[in-house]
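Reading the structure
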Amino acid sequence: MVSGVSTETGPGTGPDSGSGTEFDADELSYPSRNWRDFFTDHFGPSMLWALISIGGSHIVLAPTLGGTFGLFAIWMFAIIYLAKYGGWELGIRYNYGVGGNPVEAYDQLPGPKNWMQWFTVGVFTVMYTGITAAVGMSTASFVQAMTPLSFQQSFVLFVGFAGVLVLLTRYSLLEKILIGFTVALGFLIVLGVLVGPPSGEVVAATTFTAPDITGPLFIGLFAAAAGFAPTGFSTSVLIGSWSMAKGEGAGELRERDLDPNDERYHDYIRAWIQTGRRDFNIGYAFSFALIVAMVILASNVLYPNPPEDADLAVTIGNILSQSFGEWSYYAMILGAFAALYSTVITLLDGAARATGDVLPMALERDDLDSERIRKLVVVGIVAVSCGIVLTLGAVPVTFLIWISAILAVTEILFYPANWYVVKKNLPEQFQPSRTWVIYYVVSLVAVTIFGLMGAAHEFGYI
């Protein structure tokens, strides 16, 4: 990823801990303080992160929950977003406070040697193949609605092309294309809510009317939403890679062989932690606002008939019809395709890059070619996901719900892992406050409950 850095500087000087010579802290790139420079120089990783969620969870799961439970689904997503925030906040704290990706420190976790790094490799190869297949199925549904291609042909053609794009396209160009897709769809959906808000009848009937929260339908859909919305915790590794690619925060200190623990650099580190959190908060808020908008539209148009496998594209395409008329069908079809397809591209790129970075760590082999690993992972995910689709057929909603519930179980480990490496490696001055610690404990309990719900659904206990 290519991004500029601010030339604004802060006060003070500090020693070069690597060589013992004096180093002028004014040479460090302090973050821009005004919003204009922030968006010009530092903004970006959070929107790439948001792309991963805006595909499956926003285009498929949000309409499914809204069409099933009405506006009550907003409360469900609010609980999920509130509980899961800490897993990424810890990752951001590590990114800018230590100057690296949390996965680099997973070898410090108690237990078998490098076990969490091996687990991470498994998630980004096995689980992300399933996620790519699930989101690719939804993408193929919209392609099928717009072209004479069959479902299977649409999947193979477009997911295969996404693989080629990831292998050959410059990443800076890819970033601009994907952000453009996301912003365009977000504008369309939010405008649709403003033009055609839900009826008073739907508001009264569903906003505060809780369904049977012990029933299999609620538990299964809540677990799916908790696994896939806004994303799985493994994406803290991805946003760490994207953030570190900018060379900002304590990463700059490491590049200059300076010690982040030196108190002379603490103002600099604090400023970058705040900047990294600001960037993530924008992406997180954007993701939540968009999922709420989709729930509102689904509640108004679909409730109580959520989209199904056979009519996913047609149902979502009509979700703006009451707001704008028949022309919006084609606009929504194109917008949903763009969001889903950009998610496929981001998943392929992120999973391959993460595996290329983590596998040498797990094997303790610095001589491995990360770029070659990245290319092999892209090819492997495309090939296996095509095999899944050719075997299962057109089940975009069913398969996404199934894989999402699994994520609610498997992704939990990244939350405590990020907390552990923050506690072990950050200078004391940047450790979480007591308030943050209380939040982490409560939210981690909630996330564990989400995982138990997912396990109960997957293993047929409900």
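Residues numbered from 1 in each chain as written. Predicted model: local features only at pLDDT ≥ 70, side-chain atom pairs only at ≥ 80, totals over all residues. Heavy atoms only, no water.

1. Structural notes on the overall build of the protein chain
Scanning the protein chain from terminus to terminus reveals 18 helices and two strands. Rg of the C-alpha trace for the protein chain: 22 Å, near the compact-globule value of 23 Å for 462 residues, within the 12% margin. Principal-axis analysis of the C-alpha atoms places the extent of the protein chain at approximately 70 × 45 × 45 Å. Residue burial in the protein chain is summarised as follows: out of 462 residues, 59% are buried. Within the protein chain, contacts between residues separated by at least 24 positions form 83% of all contacts whose residues are at least 6 apart in sequence. Roughly 18,200 Å² of accessible area belongs to the protein chain as shown, and the carbon and sulfur atoms make up 63% of that amount. (Helix = DSSP H or I, 4+ residues; strand = E, 2+ residues; numbered from the N terminus. Rg over C-alpha atoms; globule rule 2.2 N^0.38 Å. Buried < 20%, exposed > 50% of the residue type's maximum accessible area, 1.4 Å probe, protein only. Contact = heavy atoms within 4.5 Å. Areas by Shrake-Rupley, 256 points an atom, 1.4 Å probe, with all protein chains shown as cover.)

2. Some remarks on the packing of helix H4 (residues 115–146) against helix H14 (residues 327–363)
Where H4 meets H14, the closest approach of the two axes is 9 Å, and the angle between their N-to-C directions is 165°. Taken as axis vectors, H4 and H14 run roughly antiparallel relative to one another. Of the two possible hands of crossing, H4 and H14 adopt the one that is left-handed. Classifying every residue of the contact of H4 with H14 gives 27 nonpolar, nine polar and no charged. (Axes fitted to C-alpha atoms, helices over the stretch in contact; angles between N-to-C directions. Parallel < 35°, antiparallel > 145°, perpendicular 65-115°, else oblique. Left-handed = near helix turned anticlockwise from the far one by under 90°. Nonpolar A, V, L, I, M, F, W, Y, C, P; charged D, E, K, R; others polar.)

3. Quick word on the environment of Gly87
The residue Gly87 is located in helix H3 (residues 72–98) in this model. Setting aside residues up to four positions removed in sequence, Gly87 forms contacts with Phe233, Ser236, Tyr415 and Asn418.

4. Some remarks on the packing of aromatic side chains
Throughout the structure, instances matching the rule amount to 37 aromatic pairs. Residues Trp436 and Tyr439 carry aromatic rings whose centres are separated by 5.9 Å and whose planes lie at 80° to one another, so their mutual orientation is edge-to-face. Of this pair, Trp436 and Tyr439 both sit in helix H18 (residues 434–458), separated by three residues, roughly a single helical turn. A residue is classified by how much of its surface remains accessible, and Trp436, at 25% relative accessible area, is partly exposed. Sitting over the face of the ring of Phe233, Lys84 holds its NZ or CZ atom 5.2 Å from the ring centroid. Arg278 extends its terminal NZ or CZ atom over the ring of Trp35, reaching a point 4.3 Å from the ring centre. (Phe/Tyr/Trp six-rings, centres within 6.5 Å; stacked < 30°, edge-to-face > 60°. Lys NZ or Arg CZ within 6 Å of the ring centre and 35° of its normal.)

5. Brief notes about unusual backbone geometry
Here the residue pair Ala229 and Pro230 is connected by a cis peptide bond, since its omega of -15° sits within 30 degrees of zero. Position of Pro230 relative to the elements: it lies in the loop between helix H8 (216–228) and helix H9 (235–244). With an omega of 5°, the peptide bond running from Tyr303 to Pro304 counts as cis. Mapped onto the elements, Pro304 comes out in the loop between helix H11 (266–301) and helix H12 (312–317). Not every positive phi belongs to a glycine, and Asn114 is a case in point at roughly 60°. Note that Asn114 resides in the loop between H3 and H4. Even without being a glycine, Glu364 presents a positive backbone phi close to 55°. Among the structural elements, Glu364 can be located in the loop between H14 and helix H15 (370–392).

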